[in-house]
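Per-entry structural report
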Amino acid sequence: MDINTLRGLATVFALLAFIGLVLWAYSSGKKKDFDEAANLPFADDPDALNNSDQEKKS
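Residues numbered from 1 in each chain as written. Predicted model: local features only at pLDDT ≥ 70, side-chain atom pairs only at ≥ 80, totals over all residues. Heavy atoms only, no water.

Turning our eyes to something else, we now look at the overall build of the chain. When you go through the chain residue by residue, the secondary structure sums to 3 helices and 0 strands. Listing every helix and strand of the chain by position from the N terminus yields α-α-α. The buried share of the chain, taken over its 58 residues, is 5%. Carbon together with sulfur atoms contributes 64% to the accessible area of the chain, which is approximately 5200 Å² in total. (Helix = DSSP H or I, 4+ residues; strand = E, 2+ residues; numbered from the N terminus. Buried < 20%, exposed > 50% of the residue type's maximum accessible area, 1.4 Å probe, protein only. Areas by Shrake-Rupley, 256 points an atom, 1.4 Å probe, with all protein chains shown as cover.)

Given below as structure tokens:
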């Protein structure tokens, strides 16, 4: 096994890891978690969080 074979295997592994990460990030089960994380900057300001919730309902 030479260095080029190892480089090829590393490339395939990186591609599979990237595809797995994309599938994980865009899976519908993670949407709630990501929505909660997106609102973390507003956690200290109750008015901003209420305004954000009202905009989603509109």
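There is more to say after this.
Residues L15, F18, I19, V22, L23 and Y26 make up a contiguous nonpolar surface patch of roughly 660 Å² in combined accessible area. Considering the arrangement of structural elements, one finds L23 in helix α1 (residues 3–25). (Patch = residues over 30% accessible without salt bridge, like charges linked within 9 Å, V, L, I, M, F, W, Y side chains within 5 Å. Salt bridge = Lys/Arg side-chain N within 4 Å of Asp/Glu carboxyl O.)

Worth remembering: the numbers are spatial, not functional.
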